[in-house]
Every structure is written in C-alpha cells, then in structure tokens.
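# Coordinates in review
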Amino acid sequence: MKRAKISIIGAGNVGATTALWCAAMELGDLVLLDVPQTEGMPQGKALDLTQAGPIMGFDAAIRGTTSYEDTIDSDVVVITAGIARKPGMSRDDLLATNARIVGSVAEQVRRTSPQSVVIVVSNPLDAMVQRAQQVTGFPPRRVVGQAGVLDTARFRAFIAMELGVSVDDVSAMLLGGHGDTMVPLASCCSVGGIPVTALLAPERLAHVIERTRNGGAEIVSLLKTGSAYYAPAAATAQMVEAVVRDKRRLIPCAAFCDKEYGVGGYYIGVPVILGAGGVEKIIELPLTAEESAAFQKSVAAVKTLVETMDRLTAGAASE
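Just so it is clear, the model here is predicted, and its values are computed rather than measured.

Turning next to the overall build of the chain. Looking only at helices and strands, one finds 9 helices and 14 strands in the chain. Rg of the C-alpha trace for the chain: 19 Å, near the compact-globule value of 20 Å for 319 residues, within the 12% margin. Within the chain, buried positions represent 50% of all 319 residues. Look at the contacts in the chain between residues 6 or more apart in sequence, and 67% of them connect residues 24 or more apart. Working note: accessible area of the chain is about 14,600 Å², and carbon and sulfur atoms make up 54% of it.

So this is what it looks like as structure tokens:
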C-alpha cells in the first residue's frame, strides 16, 4: 500500500514539531523544507527525527531539503512558513511580509503538487489561508487553515483545569477567526455529557473563555522570545491524519464560507467534516443571539484583515 507523502514547508519550531508528531503517528513519508539560506538545517532536523524512529518505534522516510523538487506529488502540504512580528514592525508590515512568503510557497505548491490538500498554519492565519487559495487556485475545499483545532484544545484544557477532570471527558467547539475575536461556544461544550453551564458558574466560564481567546498571547508572554509550537503542531498533525486516513473528523477549521453562515466568500473558523478530499462539508450550527453577534464581529475582523492584505499585495505587485 502506497504511503502518503506529506511535505511541510517551514522547518522552524512548528514545522519540525509537526513532522515529529506525523512521524510518531506513522502518517506517511515526510519532506521537511526550508529556504536555501538555511542550507543544512532541514536536513539536520530530518536526520535527527529519523534517528528517533528506532527508539520510539516508528517507520517513516524523512527527508530534509531546500528544493521544492523533493516535494513533487505530495498528498498533503503543510505551510508553516512566515516570520514572527519583530520590534518596530507594524501589523501591516507583518501581514505584507507573510502574504509575500505564503504567496511564494503557494506558487511552488501549485507547480509541484497540484492535487494536494493544503493545510495553512502561518499567521495571521485567516488571511494567510485566503492568500494560499488565491495563489494556488485550488478548489477552496482543498485549502484549509489550522486554528480551530488548536483553539478548541486550549478551551478543553482550561475547562479540564478549572474542573479538575480529564480532558478526555471535555467536548468543545468554537467559531470565528484565530485571535481575540474567536467565539468559544458554551452551548456546544460538555463534560462527560453534562453541559458545562451546569458545572461552572457564569463568571468562571467567562474567565475560561477569555483565557482561551488569549491562549497564544499568554504563552508568548511567558516564553518572552518565542511562541507556542507543541500544541499548534499537534493540532496540525490531527488534521493531516484526518486527510491521509480519510477519518472524516468533525473538527473546527478555517474553511472557505460563501453562503454558509452568510460569510460571503472568506475563510473563517467553522465546524467541518475533514477527510481525504479536504473539507467534505461545512456544518452550520444554530447560534444563540449572543453567539451570532460575536461571530459576526469576528467575521468583520477577518474581512478587514483580508482586505488590507489584498491592498498591500496589490500595491507590492504594481511597484
């Protein structure tokens, strides 16, 4: 049986850790690619991961490279490439820089793996997944963003911590953009089948929701010189598994919504069924008035972000 080919573009902390999770789960053979300026780095990380196989008991061919030719005919391409915001850099500077990087990657993906499913992890996520779809020209269902799985994991972890229970018993869902406008849905959260609202006082639940929205920023403030990568990589690996094993997982992802939720042609975090073809179906949930208002606010923020990106990239192209 042919093993899936998974290419990860960007061999930094998130990309390399995604490769580790995918290898440990034996999801397929891996290509870890980074830019030519880092010659030797992706090769070194791939060799290190390969040598972990005999210890952890996984079999995977893992190749490090700076050439897109090694990614040809990938089944899944994960894009983690991009830079973190630096001192003195404006939000628009970050948006323009990463849009250029992701756009360049997307051009290569279109050339080398035209039938692949693309999972975008780069930030700002909701704009970057839109950019990847624009440039590849792939059907929107084959380009999807990773954020909802991570944010839901944070929501579940914080609820479990608050109640002193196993995360295995916590089920949760959220909508919206990846950031402080995300919408954790209390109405879709339960612990061992019991609605979370029956277990947590309103003020404690509100605290958990706010902590979820700031989950990434909390880690950045603690690390001082970096950002989260273990959980983002684990979330990405779960999405890769859903595709290569056609698991048809019902999970939140940044998916292209047109008529769905009345979004009108943007990528936004919604529950989807994720399988071999990418987004097999978008699930439309009934929302409370409060949840609907919060979701529309999040959609508006994403639209503004994408419109700014489109303006910046159009301006760069005309120079």
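In terms of burial, strand S13 (residues 266-275) is a largely internal element, 10 of the 10 residues being buried. Across 9 bridges, strand S12 (residues 249-257) lies against S13 in antiparallel orientation. Directly across from Pro252, in S13, lies its bridge partner Pro271. Sheet topology note: the S13/strand S14 (residues 278-282) ladder contains 4 bridges and is antiparallel. The partner of Ile273 across the bridge, within S14, is Lys281.

Overall, antiparallel pairing links the 3 strands, which are arranged S7-S10-S11 in an open sheet. Whereas interior strands pair on both sides, the edge strands pair on one side only; in this sheet they are strand S7 (170-171) and strand S11 (194-195).

Along the chain, Ser74 turns up in the loop between strand S3 (62-65) and strand S4 (76-79). Taking relative accessible area as the criterion, Ser74 reaches 4% and is therefore assigned buried. Reaching out from Ser74, the side chain makes a polar contact with the side chain of Ser7 at a distance of 2.7 Å. At a separation of 2.6 Å, a polar atom in the side chain of Ser74 contacts the main-chain carbonyl oxygen of Thr71. In this structure, Ser74 is in contact with Lys5, Ser7, Ser113 and Ser116, ignoring residues within four places of it in sequence.

Tallied over the full model, the rule gives 1 cavity of 30 Å³ or more. Counted as a void, the largest cavity has a volume near 50 Å³. What lines the largest cavity is a set of 13 residues, among which Ala147, Gly148, Asp151, Gly176 and Gly269 lie closest to the centre. Here the lining of the largest cavity is composed, by residue class, of 6 nonpolar, 5 polar and 2 charged.

Quick look at the packing of aromatic side chains now. Applying the stated criterion to the full structure yields 3 aromatic pairs. Note on Tyr229 and Tyr230: the rings are 4.6 Å apart at their centroids and 40° apart in plane angle, and the pair reads as tilted. A residue is classified by how much of its surface remains accessible, and Tyr229, at 24% relative accessible area, is partly exposed. You can call Tyr230 exposed: its relative accessible area is 56%.

The subject of this paragraph is helix H8 (residues 230-244). Here H8 is 15 residues long and its end C-alpha atoms lie 21 Å apart, about the 21 Å a rise of 1.5 Å per residue gives. Regarding H8, the residues found buried are Pro232, Ala233, Ala235, Thr236, Ala237, Met239, Val240, Glu241, Ala242 and Val243. At the C-terminal side of H8, Asp246 shows a positive phi close to 50°.

Right, let's talk about the pattern of salt bridges for a bit. Pairing between side chains of opposite charge can happen when the charged atoms of each approach one another. Enumeration over the complete set of coordinates arrives at 9 salt bridges. The residue Arg245 makes a salt bridge to Glu241 at a minimum N-O spacing of 3.1 Å.

A few words now on the state of the cysteines. All told, the structure shown has 0 disulfides when counted by the stated rule. There is no disulfide at Cys22, and the cysteine sulfur nearest it, in Cys253, is 14 Å away. Its sulfur unpaired, Cys188 is 8.9 Å from the next cysteine sulfur, which belongs to Cys189. On the basis of relative accessible area, Cys188 is assigned to the partly exposed category, the value being 29%.

Below, the discussion takes up the nonpolar core. The nonpolar side chains of a soluble globular protein tend to be buried with one another. Ranked by internal contacts, the top residues of the largest apolar core, which has 75 residues, are Val120, Val270, Leu274 and Phe295. Beyond its immediate chain neighbours, meaning those up to four positions away, Leu274 contacts Met239, Ala242, Val243, Lys247, Arg248, Arg249, Ile251, Cys253, Val279 and Glu280. The next biggest cluster of nonpolar side chains, apart from the first, holds 14 residues, and it includes Phe155, Ala186, Val191 and Ile209.

In this section: the side chain of Glu291. Note on placement: Glu291 falls in helix H9 (residues 289-318). Once residues within four sequence positions are removed from consideration, Glu291 is found in contact with Val183, Leu185, Ala186 and Ser187.

Definitions and limits used
Here, residues in each chain are numbered from 1, in the same order as that chain's written sequence. This being a predicted model, a pLDDT of at least 70 is required before a residue's local features are given, and a value of 80 or more before pairs of side-chain atoms are given or counted; all residues contribute to the totals for chains, interfaces and linings. To obtain the side-chain values, all non-hydrogen atoms of the structure were included, while hydrogens and water were left out. Working definition: helices are DSSP H or I runs of at least four residues, strands are E runs of at least two. Numbering for both runs from the N terminus. Values of the radius of gyration come from C-alpha atoms, whereas the globule rule sets the reference at 2.2 Å times the count of residues to the power 0.38. Under the scheme applied here, a residue whose accessible area is under 20% of the maximum for its type counts as buried, over 50% as exposed, and between as partly exposed, the area being computed with a 1.4 Å probe on protein chains only. Whether two residues are in contact is decided by their heavy atoms, any of which lying within 4.5 Å being enough. In short, Shrake-Rupley with a 1.4 Å probe defines the accessible areas, and a residue's cover is counted only from the protein chains shown. When DSSP locates at least two bridges between a pair of strands, those strands are taken to pair. Think of a polar contact as two N or O atoms within 3.5 Å of one another; within protein, one of them needs to be a possible hydrogen donor and the other a possible acceptor, and neighboring residues in sequence only count if both atoms come from side chains. Site definitions follow a grid-based scheme: protein atoms alone, a 1 Å grid, a 1.4 Å probe that fits but cannot get out for cavities, and for pockets an open set with protein on both sides within 12 Å along at least five of seven lines, plus lining residues having an atom within 4 Å of a point. Grid points are joined across faces, edges and corners, and a volume is the space filled by probe spheres set on the points. Nonpolar residues are Ala, Val, Leu, Ile, Met, Phe, Trp, Tyr, Cys and Pro. Charged residues are Asp, Glu, Lys and Arg, and all others, Gly as well, are polar. Two aromatic rings, drawn from Phe, Tyr or Trp (for Trp, its six-membered ring), form a pair once their centres lie within 6.5 Å of each other, and the interplanar angle then sorts them: stacked below 30 degrees, edge-to-face above 60, tilted otherwise. Each residue after the first adds 1.5 Å to the expected span of a helix. Criterion for a salt bridge: a side-chain nitrogen of Lys or Arg within 4 Å of a carboxyl oxygen of Asp or Glu. By disulfide we mean two sulfur atoms from cysteines, separated by a distance within 2.5 Å. Residues belong to a common nonpolar core when they are buried Ala, Val, Leu, Ile, Met, Phe, Trp, Tyr or Cys residues joined through side-chain atoms within 4.5 Å.

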